[in-house]
Every structure is written in structure tokens, then in C-alpha cells.
Amino acid sequence: MPANRILPVERQLRDGSWISRVHAHTDATHQDPVTVRVLAYQLHGTGREGQDYRLVTTLLDARRYPARQLAALYQERWEAEAVFAELKSHQRGARIVLTSKTPDGVLQQIWAHLLVHHALRELMVRTAATSGLDPDRVSFTETLRSARRSVTLTPGHRPAKRRQGQRCDRQNDSSSVLSSQCSWAVPSLGV
């Protein structure tokens, strides 16, 4: 729903949400309105402080579906959508299709993508823990780039061994929180 769409208050509810009516864009004569509930809120602790959001839903019962719960669930929903984008657009690559010719092969490729995604997310959690950050603040795309760099080293190149507790300095990774996490670098596969 566009942010500039006017959603008149038909009835104010106790939780701050309100009942309104909207018309589908296909309802040119405005003969068939849909009753909706509108929640206006701001997210806190997400780096988007001060930004206003509106959630329009057909869940009209404010007692059964409290506004705070719906807003929190909607945020969780978008986090799930972000994971799908990570898998489809960033990790696998836009417009890249699975290449297997059999159903079992397709399943194998899907599982492989899911396992790699899980490993990357685990790396993000560990990186966040050592840096005292919330894992949601660690960039998936930066983690993916760092992991790709670590597995595509020149064939035969082995990273220098470090003494226990010694930190690793990567030249092209100085801005990343991942630069302090070098223990996950895997040797070249020689491919």
C-alpha cells in the first residue's frame, strides 16, 4: 500500500490501530470496499529509527491480534523474505537456474545451497559473537564475498600459519568485521 494513500479512520481501536475501508485498484466505481485494520508504527533497534510504517490487514479483531504482535510478526516476515533473497539473488546468483536434469539432482542442488547458506549464517553468528554485535548487523553479502575469496585462492596457495590467538590481517577486507575472523579460511581446492 503506497505511503501516501489516505486511510480514513472509521473506528479507532484501543491498541492505537483503526478500522478503515479500501478499494481494489480494479474497483473503478468504488462499489465494493474491503474493511481493513490499519496499524501505524515505528521499528526500534533496527537502524531505521524514526521511519514510519503502516500495516494494513484484514485481521480486524484487536484483542485476538494485538497491534504490537502484528508489527513484530510483520518484521519477522520481512526477515524471512530477506533470507529468500540471500539464497536466490546473492548466493546462487540472479537468473541462475538449477542445472540438474533429474528430480533427485535438483533436490541435491537445493540441499547444497541450503547447507552453504547455513554455514554462512553460522559464520555470521560467530563473527558477531566475537565482535559483540547482534548477528543481524553482520552483512550477508560481505560474508559471502569473504567466503568466496577464501575458497578461490590461487591454487597451491596456503595461508600462513598463525600462532594461537594471533589475528589475521586481510588486505582487501579492512572495513569488514569479518577481517578478524580468518580461522574459517579453507585451503584452495586446486580447481
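Numbering of residues starts from 1 in each chain and follows the order in which that chain's sequence is written. Only residues with pLDDT of at least 70 get local features here, since the model is predicted, and only at 80 or more are side-chain atom pairs given and counted; chain-wide, interface and lining totals rely on the full set of residues. Side-chain calculation: all heavy atoms of the structure are included, whereas hydrogens and water are not.

Trainee: Help me out: how do you make sense of the side chain of S17 in this one?
Mentor: Each helix corresponds to a stretch of at least 4 residues labelled H or I by DSSP, and each strand to a stretch of at least 2 residues labelled E; elements are numbered beginning at the N terminus. Secondary-structure assignment places S17 in the loop between strand 1 (11–12) and strand 2 (18–22). Polar contact criterion, stated in full: a pair of N or O atoms within 3.5 Å, where within protein one must be able to donate a hydrogen and the other to accept it, and residues adjacent in sequence count only if both atoms are side-chain atoms. A distance of 2.6 Å separates polar atoms of two side chains, one belonging to S17 and the other to D15. Residues count as neighbours in contact if any of their non-hydrogen atoms are within 4.5 Å of one another. Not counting chain neighbours up to four residues away, the residues in contact with S17 comprise R11, Q12, R37, V38 and L39.

Trainee: Any chance you could explain a nonpolar patch on the surface here in plain terms?
Mentor: By definition, no residue in a patch forms a salt bridge, and every one has over 30% relative accessible area; like charges are joined within 9 Å, nonpolar side chains (Val, Leu, Ile, Met, Phe, Trp, Tyr) within 5 Å. Here the accessible surface of atoms and residues is derived via Shrake-Rupley with a 1.4 Å probe, and residues count as covered only by protein chains that are part of the display. By convention in these notes, a salt bridge is any Lys or Arg side-chain nitrogen within 4 Å of a carboxyl oxygen on Asp or Glu. Taken together, L107, I110, W111 and L114 make up a surface patch of nonpolar side chains, about 390 Å² in accessible area. Tracing the sequence through the fold places L114 in helix 2 (residues 103–131).

Trainee: Looking at this model, I keep getting lost on the packing of helix 2 against helix 3 (residues 140–151). Mind explaining?
Mentor: Working note: a packed helix pair is described by the angle between its axes plus the distance between those axes. Axis lines are fitted to C-alpha atoms, over the contacting stretch for helices. Their N-to-C directions set the angle, which ranges from 0 to 180 degrees. It is at 10 Å that the axes of helix 2 and helix 3 come closest, and there the two elements cross at 105°. Judged on the interaxial angle alone, helix 3 and helix 2 are roughly perpendicular. Across the interface between the two elements, H117, L120, R121, L123 and M124 from helix 2 touch F140, T143, L144 and A147 from helix 3. Of the residues assigned to the contact of helix 2 with helix 3, the class counts are 6 nonpolar, 2 polar and 1 charged. In these notes the angle categories are as follows: under 35 degrees is roughly parallel, over 145 is roughly antiparallel, 65 to 115 is roughly perpendicular, and the rest is oblique. Gly counts as polar in this scheme, as do all residues outside two lists: the nonpolar Ala, Val, Leu, Ile, Met, Phe, Trp, Tyr, Cys and Pro, and the charged Asp, Glu, Lys and Arg.

Trainee: For this particular structure, what's the right way to read the packing of helix 1 (residues 67–91) against helix 2?
Mentor: Orientation of helix 1 relative to helix 2, taken along the N-to-C sense of each, is 110°, at an axis distance of 11 Å. By the angle class used here, helix 1 and helix 2 are roughly perpendicular. The interaxial crossing formed by helix 1 with helix 2 has right-handed handedness. Together, V83, E86, L87 and Q91 of helix 1 and H113, L114, V116, H117, L120 and R121 of helix 2 make up the contact between the two elements. For the contact of helix 1 with helix 2, the class distribution of residues is 5 nonpolar, 3 polar and 2 charged. For any helix crossing, the convention is left-handed if the near helix is rotated counterclockwise from the far helix by under a right angle, and right-handed if that rotation is clockwise.

Trainee: I'm lost on the environment of V116 in this one. Help?
Mentor: For V116, the position within the fold is in helix 2. For V116 and L87, which are 29 residues apart along the polypeptide, the C-alpha to C-alpha distance reads 9.4 Å.

Trainee: Just checking my understanding: could you explain the nonpolar core for this structure?
Mentor: Across soluble globular proteins, you tend to see nonpolar side chains buried next to one another. What is meant by a nonpolar core is a set of buried Ala, Val, Leu, Ile, Met, Phe, Trp, Tyr and Cys residues, joined one to another through side-chain atoms within 4.5 Å. Partly exposed describes any residue whose relative accessible area lies between the buried limit of under 20% and the exposed limit of over 50%, with all areas from a 1.4 Å probe on protein chains only and scaled to the type maximum. The biggest cluster of nonpolar side chains holds 7 residues, and these are L120, M124, A128, V138, F140, L144 and A147. Grouped together as the second largest cluster of nonpolar side chains are 6 residues, L55, A67, L70 and A71 included.

Trainee: Explain the side chain of T127 to me, please; I cannot follow it from the model alone.
Mentor: Inspection of the secondary structure puts T127 in helix 2. For T127, a relative accessible area of 0% gives the class buried. Within the local environment of T127, its side chain forms a polar contact with the backbone oxygen of L123, the two atoms lying 2.8 Å apart.

Trainee: Looking at this structure, how should I read the packing of aromatic side chains?
Mentor: Two aromatic rings, taken as a pair, are described by how far apart their centres are and by the angle between their planes. Classification of ring pairs uses Phe, Tyr and Trp, with its six-membered ring standing for Trp, and accepts pairs whose centres are within 6.5 Å; under 30 degrees between planes counts as stacked, over 60 as edge-to-face, and the remaining range as tilted. Taken as a whole and assessed by the stated rule, the structure comprises 1 aromatic pair. With 5.9 Å between their ring centres and 20° between their planes, Y41 and Y53 make a pair best called stacked. One end of the pair, Y41, is in strand 3 (residues 34–42); the other, Y53, is in strand 4 (residues 52–57), and 12 residues separate them in sequence. Of the residues examined, Y41 reaches a relative accessible area of 14% and is grouped as buried.

Trainee: For this particular structure, what's the right way to read the pattern of salt bridges?
Mentor: One side chain can pair with another of opposite charge once the charged atoms of both are near each other. For the structure shown, the criterion picks out 7 salt bridges. E10 serves as the salt-bridge partner of R21, at 3.0 Å between the closest nitrogen and oxygen. One end of the pair, R21, is in strand 2; the other, E10, is in the segment before strand 1, and 11 residues separate them in sequence. The class for R21 is partly exposed, based on a relative accessible area of 39%. On the basis of relative accessibility, which here comes to 47%, the residue E10 falls in the partly exposed class. Where R37 meets D15, a salt bridge forms, and the shortest distance between an N and an O atom there is 2.6 Å. Taken together, the residues R37 in strand 3 and D15 in the loop between strand 1 and strand 2 connect sequence positions 22 residues apart.

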